[in-house]
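Below are the chains, spelled out letter by letter.
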Amino acid sequence: MPVIWPATLKKGPHFLTAYKKDFTMNEPILQVNDLHYSYDDTQAALKGISVSIYPGERIAVIGSNGAGKSTFFLNINGVLSPEHGEIFYHGTKITKKSL
C-alpha cells in the first residue's frame, strides 16, 4: 500500500487498504459509486465518494473532524439517503425498498 502523506490528502474521508489479496475472481462486498450528500444547500458533506471493499480487506476510514466519515456510514446503512450515487451490497443495489 502506498504511503499517503497528510499534505496530499484532500478534504473528506479517506479509505486506506491495509491488506488485500488478489480479488480478480471476487466481486466487492460493498461498492459505492459517486456518492454525494449535503445537510443543507450551502456545503456538501460528501462529494463524489467511490470505493470498493472486497472480502478479506481491512480498511481504515480516516479524516479530520467534520470530514464526512460519519455521514458516509449513515448513508451506507440507510439512515441518510444520498442525493446522488449508488450503493451496492454483494452486487445488489441498495434502495429504500431493499433496506
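Quick note: structure is the one above.
Now for a description of the structure that goes with this document. (Residues numbered from 1 in each chain as written. Predicted model: local features only at pLDDT ≥ 70, side-chain atom pairs only at ≥ 80, totals over all residues. Heavy atoms only, no water.)

### Quick notes on the pattern of salt bridges
Working step 1: Considering all chains together, one arrives at one salt bridge under this definition.
Working step 2: Salt-bridge contacts for lysine 93 lead to glutamate 86; the nearest nitrogen and oxygen are separated by 3.4 Å.
Working step 3: Residue lysine 93 is classed as partly exposed on the basis of its relative accessible area, which comes to 40%.
Working step 4: According to the relative accessible area criterion, glutamate 86 is partly exposed, its value standing at 31%. (Salt bridge = Lys/Arg side-chain N within 4 Å of Asp/Glu carboxyl O. Buried < 20%, exposed > 50% of the residue type's maximum accessible area, 1.4 Å probe, protein only.)

### Some words on the nonpolar core
Working step 1: Membership of the largest hydrophobic core is limited to 12 residues, which are Leu30, Val32, Leu35, Tyr37, Leu46, Ile49, Val51, Ile53, Phe72, Ile76, Leu80 and Ile87.
Working step 2: For this core, the secondary-structure elements that each account for two or more residues are strand E2 (30–38), strand E3 (44–53) and helix H1 (69–76).
Working step 3: Setting aside chain neighbours within four positions, we find isoleucine 53 in contact with Pro28, Ile29, Leu30 and Ile59. (Core = buried A, V, L, I, M, F, W, Y, C linked by side-chain atoms within 4.5 Å. Helix = DSSP H or I, 4+ residues; strand = E, 2+ residues; numbered from the N terminus. Contact = heavy atoms within 4.5 Å.)

### Topic: the packing of aromatic side chains
Working step 1: In total, this model carries two aromatic pairs according to the counting rule given.
Working step 2: Between the aromatic rings of tyrosine 37 and tyrosine 39, the centroid separation amounts to 5.0 Å while the plane-to-plane angle is 85°, which identifies the pairing as edge-to-face.
Working step 3: Exposure remark for tyrosine 37: the relative accessible area of 12% places this residue in the buried category.
Working step 4: With a centroid separation of 5.2 Å and 75° between ring planes, the pair formed by phenylalanine 72 and phenylalanine 73 is classed as edge-to-face. (Phe/Tyr/Trp six-rings, centres within 6.5 Å; stacked < 30°, edge-to-face > 60°.)

### Looking at the layout of surface pockets
A water-sized probe rolled over the atoms picks out the places where empty space is left.
Working step 1: Here the second largest pocket is characterised by a volume of approximately 190 Å³.
Working step 2: Every residue lining the second largest pocket is counted, 14 residues in all, and those nearest its centre are Pro82, Ile87, Ile94, Thr95 and Lys96.
Working step 3: Of all the secondary structure elements, the ones that give two or more residues to the lining of the second largest pocket are H1 and strand E5 (84–89).
Working step 4: At three residues, E5 tops the list of elements feeding residues into the lining of the second largest pocket.
Working step 5: Grouping the constituent residues of the lining of the second largest pocket by class yields six nonpolar, five polar and three charged. (1 Å grid on protein atoms, 1.4 Å probe; cavity = no way out; pocket = protein on both sides within 12 Å on 5 of 7 lines; lining within 4 Å. Points joined across faces, edges and corners; volume = space filled by probe spheres on them. Nonpolar A, V, L, I, M, F, W, Y, C, P; charged D, E, K, R; others polar.)

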